[in-house]
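An overview of the molecular structure
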Amino acid sequence: MNYLLLFLYIYQSSMLSIFTQIMPILLAENGFNYEQQGLFSLVAYPFFFKIIFAPIIDLFHFKSLGRRRSYILPCTLLMSLNLFWQSSLDIQQNYMLFCLIGLFNATFLGMQDIAIDGFAADLCKKTNESAAHILNVGYTIGSSFLANFIFHSLHKYQLCTLATYLKFISAFGLLLATYLLFKVKEEKNQQQIKKFTGFRQVIKGILNNDNLITLSLLLFFDRYGVAPIESTFRIKLTELKFNKAYVSFIDTAIMPLKVAVGFVYHKYFNKYNFEYYGYVQGLRLISCLFATLTIFLVDVVKVNDTLSYVALFIASTTWWIVFNLTFIVRGNFQMKITTPGYEATTLALMNSLGSLGGKTGFSLCMFLTEYVNYYCFACFALIAQLLFTLKSIKLYKKLYHVPIDKWHIIQQNLKSE
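Model, not experiment: these values are computed from the prediction.

Reading guide: rules and limits
Residues numbered from 1 in each chain as written. Predicted model: local features only at pLDDT ≥ 70, side-chain atom pairs only at ≥ 80, totals over all residues. Heavy atoms only, no water. Helix = DSSP H or I, 4+ residues; strand = E, 2+ residues; numbered from the N terminus. Buried < 20%, exposed > 50% of the residue type's maximum accessible area, 1.4 Å probe, protein only. Contact = heavy atoms within 4.5 Å. Areas by Shrake-Rupley, 256 points an atom, 1.4 Å probe, with all protein chains shown as cover. 1 Å grid on protein atoms, 1.4 Å probe; cavity = no way out; pocket = protein on both sides within 12 Å on 5 of 7 lines; lining within 4 Å. Points joined across faces, edges and corners; volume = space filled by probe spheres on them. Expected span 1.5 Å × (residues − 1). Phe/Tyr/Trp six-rings, centres within 6.5 Å; stacked < 30°, edge-to-face > 60°. Arc of directions from axis to C-beta. Axes fitted to C-alpha atoms, helices over the stretch in contact; angles between N-to-C directions. Parallel < 35°, antiparallel > 145°, perpendicular 65-115°, else oblique. Left-handed = near helix turned anticlockwise from the far one by under 90°. Nonpolar A, V, L, I, M, F, W, Y, C, P; charged D, E, K, R; others polar. Polar contact = N/O pair within 3.5 Å; in protein donor to acceptor, adjacent residues only side chain to side chain.

**A look at the overall build of the chain**
Across its full length, the chain carries 17 helices and zero strands. By the burial criterion, 58% of the 417 residues in the chain qualify as buried. Long-range pairs, those at least 24 residues apart, make up 87% of the contacts in the chain between residues at least 6 apart in sequence. Counting only carbon and sulfur atoms, one obtains 67% of the accessible surface of the chain, whose full area is about 18600 Å².

Printed below as a string of structure tokens:
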């Protein structure tokens, strides 16, 4: 089941990378301006508003399929078929249709993500393993290897087109859907919950759980602060004529480091957990600084090609190691505080607000970069990250020391009613 979870996360990250990595670069290469790129970025918003679907997914399902398969299976099937159709379209002639297809896929990707996270939480509690580590490995393979190496590096030499990549991901999804249908069986949900009463309790429990709301808002502003650099870094590299194949090779070369971060943390540093997350966030400031410095060296100082790619390697390595570390530390903590019976809903709230913070920052930057200097955004991100880190260290420590029982407010409501 852990391998199944890994492949589901690989598929999910491959789908998400179409919105976050592949299409923004292709739009930039095909002459679409920042405003058009910003418009396309809006199609991914249903994925980041997935909290809307979460209570429904936790409460309603088909008994014949199981609690999680009821959503993972049809969503995977629909997205895969949709990708196969999309592979026959030309982006230059069908820009708006690409946006509509992306909107459709993002909606079902959000629903699938909620169900997969709930499935991961179920496995976590049963086997006492860290699903955050599995998620990290899956996302690393999907985004770093498939999106960067398989697509970007091969596309540079016309060995892989967008159509080929979409068909490949489509076939991968159809294989997963077939396996889920015929080979996977879920255990029946032991909790018998009155649906509409349970729905009200989910909403009430979330609104009354101050600690859950606090963590979710912290994650929102954390991602929002680094969004100006995170969103425009690769597009700026494209504008500065960096060799896309070299950039993809760098990301692929550091992929073992990304995976190793998870193994090392899981084995040697897991005891520190979320209590020190505020200090770990400080490393984000360093990674943002290296990324900005790389762009500055190439764009303003006009350093030679060798030095520019060395700077890019340092920036990418720093960025991704820090990102993976914070991702795993936060993910472990989130899995531990999920409310029994409503794992998907509580995970969806935290993940949605965190992702939404990054996405709103991305869209805002895309719309405004036409009129505001890139380095203004970079300075804003660095200052915002510094202020946020200093302010949030105590808050993260406080959240870690909150008794676990306080996170189970919904379960208490269930017993009392």
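**Things to note about empty space enclosed by the protein**
Taken as a whole and assessed by the stated rule, the structure comprises four cavities of 30 Å³ or more. Lining the second largest cavity, in full, are Met15, Ile18, Phe19, Met23, Phe40, Leu83, Gln86, Phe98, Gly102 and Asn105. Those elements giving two or more residues to the lining of the second largest cavity turn out to be helix 1 (2-29), helix 5 (69-86) and helix 6 (95-127). Per-element tally for the lining of the second largest cavity: the top contributor is helix 1, with four residues.

**Brief notes about helix 1**
Taking 1.5 Å as the rise per residue, helix 1 with 28 residues should run 40 Å; its terminal C-alpha atoms sit 38 Å apart, in good agreement. Where helix 1 terminates, the next one or two residues include Gly31, which has phi positive at roughly 85°.

**Considering the packing of aromatic side chains**
Within this structure, the stated rule accounts for six aromatic pairs. The rings of Phe7, Tyr11 and Phe172 are connected pair by pair, giving a single aromatic cluster.

**Thoughts on helix 2 (residues 34-41)**
For helix 2, every residue scored as buried is listed here: Tyr34, Gln37, Gly38, Phe40 and Ser41. Here the buried residues of helix 2 occupy an arc of 160° about the axis, which is enough to place them on one side.

**Details of the packing of helix 1 against helix 8 (residues 162-183)**
Viewed as axis vectors pointing N to C, helix 1 and helix 8 meet at an angle of 160°, and their least axial separation amounts to 11 Å. Classified by the angle between their axes, helix 1 and helix 8 sit roughly antiparallel to one another. For the element pair helix 1 and helix 8, the recorded crossing hand is left-handed. Where helix 1 abuts helix 8, its residues Leu4, Phe7, Leu8, Ile10, Tyr11, Ser14, Met15, Ser17, Ile18, Ile22, Met23 and Leu26 lie against Leu162, Tyr165, Leu166, Ile169, Phe172, Gly173, Leu176, Tyr179 and Leu180. Of the residues contributing to the contact of helix 1 with helix 8, the split by class is 18 nonpolar, three polar and no charged.

**Topic: the side chain of Thr294**
Inspection of the secondary structure puts Thr294 in helix 13 (residues 277-301). With relative accessibility at 2%, the residue Thr294 sits in the buried group. Setting aside anything within four residues of it in sequence, one finds Thr294 in contact with Ser308, Ala311, Leu312 and Ala315.

**Some thoughts on the environment of Ile10**
With respect to the element layout, Ile10 can be found in helix 1. Classification of Ile10 by relative accessible area gives buried; the value is 6%. For Ile10 and Leu146, which are 136 residues apart along the polypeptide, the C-alpha to C-alpha distance reads 8.9 Å. Aside from chain neighbours lying at most four places away, what touches Ile10 is Gly138, Ile141, Gly142, Leu146 and Phe172.

**Here's the deal with the side chain of Lys50**
Tracing the sequence through the fold places Lys50 in the loop between helix 3 (45-48) and helix 4 (54-59). Side-chain polar atoms of Lys50 contact the side chain of Asp113, separated by 2.2 Å. Other than its neighbours up to four places away in sequence, Lys50 contacts Gly110, Asp113, Ile114, Ala348, Asn351 and Ser352.

**Some details on the packing of helix 1 against helix 5**
Contact geometry of helix 1 with helix 5 gives a least axis separation of 12 Å together with a crossing angle of 40°. The angle between the axes of helix 1 and helix 5 places the two elements in the oblique class. Where helix 1 crosses over helix 5, the two elements pack in a sense that is left-handed. In contact with Leu8, Tyr11, Met15 and Ile18 of helix 1, helix 5 contributes Ile72, Thr76, Met79, Ser80 and Leu83. Residue composition of the contact of helix 1 with helix 5, grouped by class: seven nonpolar, two polar and no charged.

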